Amino acid sequence: MQFVYMLRLASKNLLRHRLRSLLTMAGIAVAIVSFGLLRTVVDSWYAGAELGSAGRLITRSEASLSFRLPVTHADRIRRVPGVSAVTWANWFGGVYIDEKHFFPQYAIDAASYFGLYPEYVIAPDQLSAFQRERRAVIVGRKLANKNGWQLGDSVALRGTVYPGTWNFVIRGIYTGADDKTDEGLFLMHWQYLNERVKAILPSMADSVGIFIVGLHNSNDSAEVSAAIDSVFRNSLAETRTETQKAFQLGFIAMVDTILVAIKTVAYVVVLIIMAVMANTMAMAARERTREYATLKALGFGNDFVWKLILAESLTLSLAGGLFGMLLTFPVSDAFFQATRDLFVVFQVEPETMALQFASSLLIGICAGIAPAINSTRLVIVDGLRAVT
């Protein structure tokens, strides 16, 4: 009963200065939304790596991704025990219209690539049309919708890694098996790329960027990785083989400093609003010094007074925090729609929601603790004489 009574008193106190309370709640809500959005951005960067198949390995040059491997490595990798299939891909890096229209482009082995990527769902007739025509490409549904492409459309790319103008025809549009599949890829024939490269850049011909290796048993990834690398040890083209997840995490590590900075900003936002909230509660407590002294004179103990102050602080912070948590979902959806090219998955995780609630709780406790302690030191006579 005392808790309910105290909550009612705290609510009435907040309504005495409606504008100040509303502005403070709005500030807390904005801070909680910002915290949740920044946390979701970080989580989404790592989500792409989590989606990597446990049954696929990536083999690349031991020196660097910028070094290519001979395509003949595929036959030797295929003979390693535990390997079920091998395909390859090569980064193309062309420009469509201008640099603002960036999208990932890979030259792939048309005969074997889609067998290792069952999550890319494509109609059999479209896949056959792609495999028959060297200049054909397959694009993701999201990429096609973004650029207004249809089957049969011609797409011209200006080469950067491989100079010249490259003309392609869209013969297939794939969709993801689920909403976590990347539908933003532009996939062309490696054989077509290799034919032209032999003419303009012979030194780069018959080579690929990475090999994708399928496993009979995903639990054997460590053993098979070591076996593949041992085949090419001490050769002119040594390899490094790792799981698809580890390979993608390697890219994320390149921007790890930025992700740490984003995390830091998320917590700094909470600390700033905590300071604002503490100032609000200090002002409220100072204005009610005579009221607290009157309560003590009427027989209410120190514990009642400090609990009342803390209840008011928690009510204010939790109300703003819960409103901010509800706003996080539409704000995240709007942010994802504006940045779909950057993220495959963008969803607010339960852990983020828990941290948002904990932050709201922490703001309320930290903001109210100093005024609550000061109220226990208040002398009744001094409090009744106080001018507010």
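All of the points below concern the structure found in this document. (Residues numbered from 1 in each chain as written. Predicted model: local features only at pLDDT ≥ 70, side-chain atom pairs only at ≥ 80, totals over all residues. Heavy atoms only, no water.)

**Concerning the pairing of strand β8 (residues 165–176)**
Turning to step 1, where the next piece is worked out: Relative to β8, strand β5 (residues 120–121) runs antiparallel, the two being bridged by two bridges. Paired with Val-121 across the bridge in β8 is Thr-175.
Turning to step 2, where the next piece is worked out: Judged from the five bridges that link them, strand β6 (residues 136–140) and β8 form a sheet pairing that is parallel. Across the sheet, Ala-136 pairs through a bridge with Val-169, a residue of β8.
Turning to step 3, where the next piece is worked out: In terms of strand pairing, strand β7 (residues 154–158) meets β8 through five bridges, oriented antiparallel. Bridging across to β8, Val-155 finds its partner in Phe-168.
Turning to step 4, where the next piece is worked out: The turn joining β7 and β8, which pair antiparallel and follow one another in sequence, is formed by six residues; a positive phi near 110 degrees is taken by Gly-164. (Pairing = 2+ DSSP bridges. Helix = DSSP H or I, 4+ residues; strand = E, 2+ residues; numbered from the N terminus.)

**Thoughts on the packing of aromatic side chains**
Here a ring pair, both rings aromatic, is described through the centre-centre distance and the interplanar angle of the planes.
Turning to step 1, where the next piece is worked out: The full count for this structure, using the stated rule, is 21 aromatic pairs.
Turning to step 2, where the next piece is worked out: Note on Phe-92 and Trp-166: the rings are 5.3 Å apart at their centroids and 85 degrees apart in plane angle, and the pair reads as edge-to-face. Pair noted here: Phe-92 is in the loop between β3 (83–91) and β4 (105–108) and Trp-166 is in strand β8, with a separation of 74 residues, a long-range link. The same class applies to Phe-92 as to Trp-166, namely buried.
Turning to step 3, where the next piece is worked out: Plain terms: the ring middles of Tyr-113 and Phe-114 are 5.6 Å apart, the flat faces sit at 85 degrees to each other, and that makes the pair edge-to-face. (Phe/Tyr/Trp six-rings, centres within 6.5 Å; stacked < 30°, edge-to-face > 60°. Buried < 20%, exposed > 50% of the residue type's maximum accessible area, 1.4 Å probe, protein only.)

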